[in-house]
Amino acid sequence: MPVALAYGLGVLCGWKFPLPLAGLFMVAGALTVAALGLPRRRGWLLWPLLVSLGWTNMGLRSGALSPVDLRVVAKGAPELVTLRARLTETPTLRVFEREERESWRSHAVVEVESLGRRGEWQPATGLVAVTTPGVLGANFFAGRTVELTGILRAPRGALAPGLFDYRAFLRWQGIWFQLQCADPNDWRLAADSFQPGRPPLADRFLVWSQRILARGLPVEDEELRLLWAMTLGWKTALTDEVAEPFMRSGTMHVFAISGLHIALIAGILLAVLRAVQLPRGACGVVIVPLIWCYTAATGWQPSAIRSTIMMTVIIGGWALRRPGNLLNSLAASGFIILLWQPTQLFQASFQLSFFVVLAIALLLPPFENFRQRLLQTDPLLPDELRPRWQRWLDWPVRFLTVNFATSLAAWLGSLPLIAHYFHLLTPASLLANLVVVPLSGLALMCNLGALVTGDWLPWITDAFNHAGWLFMHWMTGFSQWTTTLPLAYVHVRAPTGFEFFAFYTTVFLLVAGWFWTDGKRRRAWGILLSLSAIWLAGELRTRDDARLTVLGHGANAVFCDAPGRSRDLLVDCGGESAADFLVKPFLRAQGVGTLPHLALTHGDLRRVGGFRVMTREFQPALTFTSPARARSPAYREALRQLEADPARWKTISSGDQAAGWHVLHPAATDKFDRADDSALVLRAEFHGLRVLLLSELGAPGQRALLTRGGDLQADLVVAGLPEQGEPLGDDLLAVIRPRLIVLADAEYPAAKRAKPALLARLSRTGATVLKLTETGTLTLRCHAGSCAVLTVDGRQLRVLAR
């Protein structure tokens, strides 16, 4: 364990403090020579040597070493190029549903050999992720050389705070660029390259296995596709809609080829080999190659490789009659994996895998001791004299309590990581895993049995497949049922670094037994109280903070996270697609389960089209609309839904209050031809700084706002682009006198993109002008008399002082 930790520290240093490789190699070499030449100091020199090795390996794997590396050759801006590259994997399919329409998208990773611009080729090297709408032909598979035409660009980062960062996800895999092809016609095989004649073994095994596992079943339904996902790692089945109940019940892990699969296969093989009285050493020689064959056949998935390395270490130690130690095996596996690919340390799957196993290794022994004390029978009473019903219950009670203890240990170990990556707290997983994990083991056993019997024992294969389908049907139904229980899952914000530290420190103190040891009880409670005091002080310091997030990428929504929850307000919700894929996950990442307030500014489809999604997912307690009517069918449908539940609807106009915001426009008597001119205009004050939300107010609406008079001055203005004319006319600007203007524009349609002339006019006022098409989503954090403007990646663009 200390060896793995020292090496991991070096990997962290290599990520946080990158240094020139030449210097790192010199330091590592000097430490190696010193350790070899100074035997008495070797014990001390080993630790800086391990740190330097991790640091060097991280720099070696993440740096641009070649002069033709894509990071050197490619331009920074998106450009149309043609790549000549080798497919490192067979393209996979993903299914997406938008506005009740299903679309297919092909994903692949290629290793670039050369790059072409306007017919001129130059050498290039690097990995590129390729996305293509549609389904590619069967002639594109791993090992073949292809020529691809598309837009080469850096992958897009997180669209809003807390959302999935695709750019970081790819970079930890060594992928720095993404190629977007328009359709499958942009793919072609390279004519002058040697092309493998057959797909790789993993592809052929997948096709054969899918046929075998479908044998005897009437249709290809959801249960069958999930069986393919669980046994073969076929990810196409795991659409967002299908995966959601498993995520919420904390049982999604059964669909990753991981420790459960490898341990079950190894256990079955071990039972068979020991039954024929094969010696330990021979069992190890047989089992280890077979589990590696399974890993290869399922496509060398990272989770499978990690699990197979760990199982190889465990089986190797057992075969060599070495004492078993799960912590030591875990550390050895982690050390080997990070030697092979140090960037795995930063991947969610690696962290979850190792924290779960670590938690089981540390927490299960004390849990098991408690369980045995709780269920202990009278040691002086012979078993034959116990009531028969008690003896009958021994096995099921032991099975349930052991599995519950294991599930609890795994849940505690992964809880902060699940909250960080998925913004979920899933108490229901303690119950769900008691049933789903055993059922998944039975389903996996049935699938493995079917693959063994295959076509030569068809009736047994059919029986295995029907049994596996039934187990999967029960798994799906039970997972969905557990999500309907009270407090089955809760959406939470990502924990801070201090909360991570405090949680695992508390768990360690519990495991170490400090709270029950006389000499250490005071120290344990002192540490716990100190951590609680620090956390409480931080909460009190920020409890009055306000955050205003202006969502970019065409979402057309503003979320105000006011002090407390009762005054939180979502202004508009975007179109249906934006609401489903951006606004909804953003709110989940902020820990929003239900919305206290929602305001629909006007009847624009791009602003209210997602109302149905918001009501289904967040059940707004109160929805505000203006008194104006609109011709938009989406807005009319929203009003019809609100009319059916009038307690959740309030019409507001000039002079009213809405969740702490002053309503400045429109008046109850205003009549305009265009919906933009009837848009709600809201103003609020946070820590002495005024914020004005103008929505897409057009010129007639601006004139009406000015005619009505009143105090319109604001430090910060958020404005969209109306259908006609420009936002923020000169007369209105002269009255508002803003210091910061945020233009909520969008790439599409072109009319919603801020023009240079508009930016120049607004800049002449002396205000800082930011547009979302350049900055992306912006967060305005107001604290103690100042307001900081932050991008998604944490860059600070401006600070407004009171």
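Because the structure is a prediction, the values reported are computed rather than measured.

A closer look at the overall build of the protein
Then, in step 1: Counting its secondary structure elements, the protein contains 26 helices and 25 strands.
Then, in step 2: At 30 Å, the protein has a C-alpha radius of gyration in line with the 28 Å of a compact globule built from 802 residues.
Then, in step 3: For the C-alpha atoms alone, the extent of the protein along its principal axes is close to 95 × 75 × 70 Å.
Then, in step 4: In the protein, the proportion of contacts linking residues at least 24 apart, taken out of those at least 6 apart, comes to 69%.

Brief notes about the sheet that holds strand β19 (residues 689-695)
Then, in step 1: The mixed open sheet is built from seven strands, whose spatial order is β16-β17-β18-β19-β20-β21-β22. Edge positions in the open sheet fall to β16 (657-658) and β22 (768-771), since each of these has one partner strand only.
Then, in step 2: On top of the sheet, helix α23 (residues 699-708) reaches β17 (661-665), β18 (681-686) and β19; it is set at about 110° to β17, its chief contact.

Considering empty space enclosed by the protein
Then, in step 1: For the structure on display, the rule yields three cavities of 30 Å³ or more.
Then, in step 2: In this structure, the largest cavity encloses a volume near 130 Å³.
Then, in step 3: What lines the largest cavity is a set of 18 residues, and nearest its centre among them are Val558, Val571, Arg607, Ser695 and Val718.
Then, in step 4: Going through the elements one at a time, β10 (546-551), β11 (557-561), β19 and β20 (716-719) are the ones with two or more residues in the lining of the largest cavity.
Then, in step 5: The dominant element in the lining of the largest cavity, judged by the number of residues it contributes, is β19, at three residues.
Then, in step 6: Of the residues assigned to the lining of the largest cavity, the class counts are 12 nonpolar, four polar and two charged.
Then, in step 7: Roughly 50 Å³ of internal volume is contained in the second largest cavity.
Then, in step 8: As for the second largest cavity, its lining consists of Thr601, His602, Gly603, Ser626, Ala628, Arg629, Ala630, Tyr635, Ala675 and Ser678.
Then, in step 9: When grouped by side-chain class, the residues that make up the lining of the second largest cavity number four nonpolar, five polar and one charged.

Structural notes on the layout of surface pockets
Then, in step 1: Here the second largest pocket defines a volume of roughly 450 Å³.
Then, in step 2: Counting only elements with at least two residues in the lining of the second largest pocket, the list comes to α6 (201-214), α9 (259-275), α10 (280-297) and α15 (429-453).
Then, in step 3: By residue number, the principal contributor to the lining of the second largest pocket is α15, which donates five residues.
Then, in step 4: Across the lining of the second largest pocket, the residue classes tally to 13 nonpolar, one polar and no charged.

Brief notes about helix α12 (residues 326-340)
Then, in step 1: In a regular helix each residue adds 1.5 Å, so 15 residues correspond to 21 Å; α12 covers 21 Å between its end C-alpha atoms and thus fits that length.
Then, in step 2: On the buried face of α12, the contacting elements are α1 (2-16), α3 (42-62), α11 (302-319) and α13 (348-375).

Quick word on the pattern of salt bridges
It is possible for side chains bearing opposite charge to pair when their charged atoms get close.
Then, in step 1: Going through the model one piece at a time under the given rule, you end up with 36 salt bridges.
Then, in step 2: Residue Arg607 pairs with Glu696 through a salt bridge whose shortest N-O separation is 3.3 Å. With Arg607 in helix α20 (residues 605-608) and Glu696 in the loop between β19 and α23, this pair connects stretches of sequence that are 89 residues apart.
Then, in step 3: Glu696 gets classed as buried once you look at its relative accessible area, which sits at 2%.
Then, in step 4: Close ionic contact of Glu747 with Arg753 constitutes a salt bridge, the shortest N to O distance being 3.6 Å.
Then, in step 5: Using a relative accessible area of 38% as the deciding quantity, one classes Glu747 as partly exposed.

Thoughts on the packing of aromatic side chains
Then, in step 1: Scanning all chains against the criterion turns up 23 aromatic pairs.
Then, in step 2: A centroid spacing of 5.2 Å and a plane angle of 50° characterise the contact between Trp15 and Phe346, whose relative ring orientation is tilted. Of the two residues, Trp15 is situated in helix α1 and Phe346 in the loop between α12 and α13; the sequence distance between them amounts to 331 residues.
Then, in step 3: The partly exposed category is assigned to Trp15, whose relative accessible area is 41%.
Then, in step 4: Residue Phe346 is classed as buried on the basis of its relative accessible area, which comes to 12%.
Then, in step 5: Judged by centre distance (5.3 Å) and plane angle (80°), the rings of Phe503 and Tyr504 are edge-to-face.
Then, in step 6: Here the aromatic residues Phe355, Phe500, Phe503 and Tyr504 are joined through ring pairs into a cluster of three or more.

The rules behind the values
Residues numbered from 1 in each chain as written. Predicted model: local features only at pLDDT ≥ 70, side-chain atom pairs only at ≥ 80, totals over all residues. Heavy atoms only, no water. Helix = DSSP H or I, 4+ residues; strand = E, 2+ residues; numbered from the N terminus. Rg over C-alpha atoms; globule rule 2.2 N^0.38 Å. Contact = heavy atoms within 4.5 Å. Pairing = 2+ DSSP bridges. Axes fitted to C-alpha atoms, helices over the stretch in contact; angles between N-to-C directions. 1 Å grid on protein atoms, 1.4 Å probe; cavity = no way out; pocket = protein on both sides within 12 Å on 5 of 7 lines; lining within 4 Å. Points joined across faces, edges and corners; volume = space filled by probe spheres on them. Nonpolar A, V, L, I, M, F, W, Y, C, P; charged D, E, K, R; others polar. Expected span 1.5 Å × (residues − 1). Salt bridge = Lys/Arg side-chain N within 4 Å of Asp/Glu carboxyl O. Buried < 20%, exposed > 50% of the residue type's maximum accessible area, 1.4 Å probe, protein only. Phe/Tyr/Trp six-rings, centres within 6.5 Å; stacked < 30°, edge-to-face > 60°.

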